[in-house]
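# A closer look at the structure
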Amino acid sequence: MAPVIKKIRASSGLESVVCVTGQHREMLDSVLGLFGITPDYDLNIMSDGQDLFDITTRAVEGLKGVLGRVTPEVVLVQGDTTTAFVAALSAYYMKIPVGHVEAGLRTYDKYSPFPEEKNRHLLSVLADYHFAPTERAKSNLLKEGVAEENIWVTGNTVIDALHYIVKRNSTPDSTANLKRYFDNEWDLPLMSDGKKLILVTGHRRENFGEGFRNICMALKDIAEKREDVEIVYPVHLNPDVQGPVKAILNRQPNVHLKEPMAYEQFIYLMDKAYLVLTDSGGIQEEAPSLGKPVLVMRDKTERPEGVEAGTVKLVGTGRDRIVAETLELLDNRALYAGMSKTINPYGDGRAAGRICKVLE
């Protein structure tokens, strides 16, 4: 949402009021600082051991007060989080129009990803303005009965944010600071001859339990089989992720388990990676923009455009398949070249401007 907020601020006809829930405090504050955004309202709902019931009820209660004070003409939400759905529901209760950024993504399996798939679907029922990233997303909305005049294909604002950070990171001072950070703070052999960096992210609820254990065992197998590989895994703070990851991978010398990092550091690391293993959604859009093949550790994706373009491949959470697909991509130069072509069906970095124009 940061690129949209920045565009609204640059507009003479729009004014933004920013509200955050305060989930994942360290990660949130880092991104807000990077984009120069100070929230007008911070619900600060984070608590130890919270679940979806806690997030939903605290967010509804907090948003009731904020929307009553601000009385906005539009409530703008982004993506597929429980926060986004709850904000749209709260706005509906107060008869305030809702704009949904990144509308129309679907797997049509309500438990994959969970709860994001249903959050998206419910959002589309509540929204008045549907900002779809692709034509396929628009098609999904049309099939569900959304009126075409309420849908705009804008591209995805995550690509806007990526372009902003890549440009920022490319300045001499930023490049020097980032290289110093990884060399000194992390002691990572990112630039070593013959080393291939695999960047990993994993945090999806539907993978908790056996899925995560399989993923971790696969990473351990890859690390043991390949001395030319360094695996970097910024581990999500959720205890359901931290537990199996650290139990299985903590003693593997070429697996580097790190705390979640600042966004510009993560993008720098992705740019240096040979390939990406993830169960995330947004990275399926970001990594291809940098020419990085993506193996998605899920059985279904709400972003099939990357699969069709050949830059993304679904490999599931089976241990053997993750290992086999990764090793093939490390060794098969023709396969790697085909997947690393920089084709991005998710936008040109100008989505935020299109969204603001519609709102104006």
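Residues numbered from 1 in each chain as written. Predicted model: local features only at pLDDT ≥ 70, side-chain atom pairs only at ≥ 80, totals over all residues. Heavy atoms only, no water.

## Concerning the environment of Leu237
Within the fold, Leu237 resides in the loop between β8 (229-234) and α10 (239-249). Residue classification places Leu237 among the partly exposed residues on the basis of a relative accessible area of 36%. Residues Leu237 and Cys216, spaced 21 residues apart in sequence, show a C-alpha to C-alpha distance of 16 Å. (Helix = DSSP H or I, 4+ residues; strand = E, 2+ residues; numbered from the N terminus. Buried < 20%, exposed > 50% of the residue type's maximum accessible area, 1.4 Å probe, protein only.)

## Quick look at the packing of aromatic side chains
Think of a pair of aromatic rings as described by two things: how far the centres are apart, and how the planes are tilted against each other in angle. The final tally for this structure, using the stated rule, is 8 aromatic pairs. A ring pair is formed by Phe131 and Trp152, whose centres lie 5.8 Å apart and whose planes are at 35 degrees; its orientation type is tilted. Of this pair, Phe131 sits in strand β5 (residues 129-132) while Trp152 sits in strand β6 (residues 151-153), placing them 21 residues apart in sequence. Ring plane angle 15 degrees and centroid distance 4.1 Å describe the contact between Tyr274 and Tyr336, whose orientation is recorded as stacked. Placement of the pair is Tyr274 in the loop between α11 (263-272) and β10 (275-278) and Tyr336 in helix α15 (residues 333-339), with a sequence separation of 62 residues. Following the ring pairs from residue to residue traces out a cluster consisting of Phe35, Tyr164 and Tyr263. Directly above the aromatic system of Tyr274 lies the positively charged group of Lys196, at a separation of 4.7 Å from the ring centroid. (Phe/Tyr/Trp six-rings, centres within 6.5 Å; stacked < 30°, edge-to-face > 60°. Lys NZ or Arg CZ within 6 Å of the ring centre and 35° of its normal.)

## With respect to the pairing of β5
Both faces of the sheet carry side chains from a regular strand, because those side chains alternate between them. With 3 bridges joining them, strand β4 (residues 98-101) and β5 adopt parallel strand pairing. Note that in β5 the partner of Gly99 across the bridge is Tyr129. Crossover β4 to β5 through helix α5 (residues 116-126) is right-handed. For β5 and β6, the ladder comprises 3 bridges, and the chain directions are parallel. Along β6, the bridge assignment pairs Ala132 with Val153. At this point the chain moves from β5, through helix α6 (residues 135-143), to the parallel β6, and the crossover so formed is right-handed. (Pairing = 2+ DSSP bridges. Right-handed = clockwise from strand over helix to strand, strands pointing away.)

## Digging into empty space enclosed by the protein
On inspection of all chains with the given rule, the structure shows 2 cavities of 30 Å³ or more. Approximately 70 Å³ is the volume found for the largest cavity. If you go around the largest cavity, you meet 14 residues; those closest to its centre are Leu105, Thr134, Ala137, Glu302 and Glu305. Mapped by element, the contributors of at least two residues to the lining of the largest cavity are α6 and α13 (304-309). A total of 3 residues in the lining of the largest cavity trace back to one element, the largest contributor, which is α6. A class-by-class count of the residues in the lining of the largest cavity yields 5 nonpolar, 3 polar and 6 charged. (1 Å grid on protein atoms, 1.4 Å probe; cavity = no way out; pocket = protein on both sides within 12 Å on 5 of 7 lines; lining within 4 Å. Points joined across faces, edges and corners; volume = space filled by probe spheres on them. Nonpolar A, V, L, I, M, F, W, Y, C, P; charged D, E, K, R; others polar.)

## A few points about the side chain of Thr21
Among the secondary structure elements, Thr21 is positioned in the loop between β1 (19-20) and α2 (25-35). Note on Thr21: relative accessible area 9%, which makes it buried. At 3.5 Å, the side chain of Thr21 forms a polar contact with the backbone nitrogen of Gln23. In this structure Thr21 touches Asp42, Leu43, Asn44, Ile45 and Thr83, once residues within four positions along its chain are discounted. (Polar contact = N/O pair within 3.5 Å; in protein donor to acceptor, adjacent residues only side chain to side chain. Contact = heavy atoms within 4.5 Å.)

## Quick word on helix α3 (residues 52-70)
When the terminal C-alpha atoms of α3 are compared, their 26 Å separation across 19 residues agrees well with the 27 Å that a helix rising 1.5 Å per residue should span. Buried residues of α3: Leu52, Ile55, Ala59, Leu63, Val66 and Leu67, and no others. Thr71 lies just past α3 and shows a positive phi near 45 degrees. (Expected span 1.5 Å × (residues − 1).)

## A short note on the sheet that holds β8
Pairing is parallel in the open sheet, where 6 strands are placed in the order β9-β8-β7-β10-β11-β12. A single partner strand is all that each edge strand has here, and the edge strands are β9 (255-258) and β12 (312-314). Neighbour-to-neighbour, the strand axes of the sheet open up by a mean angle of 20 degrees, direction not taken into account. The pairing of β10 with strand β11 (residues 294-296) spans 3 bridges and is classified as parallel. Looking at the pairing, Val276 lines up with Val294 of β11. (Axes fitted to C-alpha atoms, helices over the stretch in contact; angles between N-to-C directions.)

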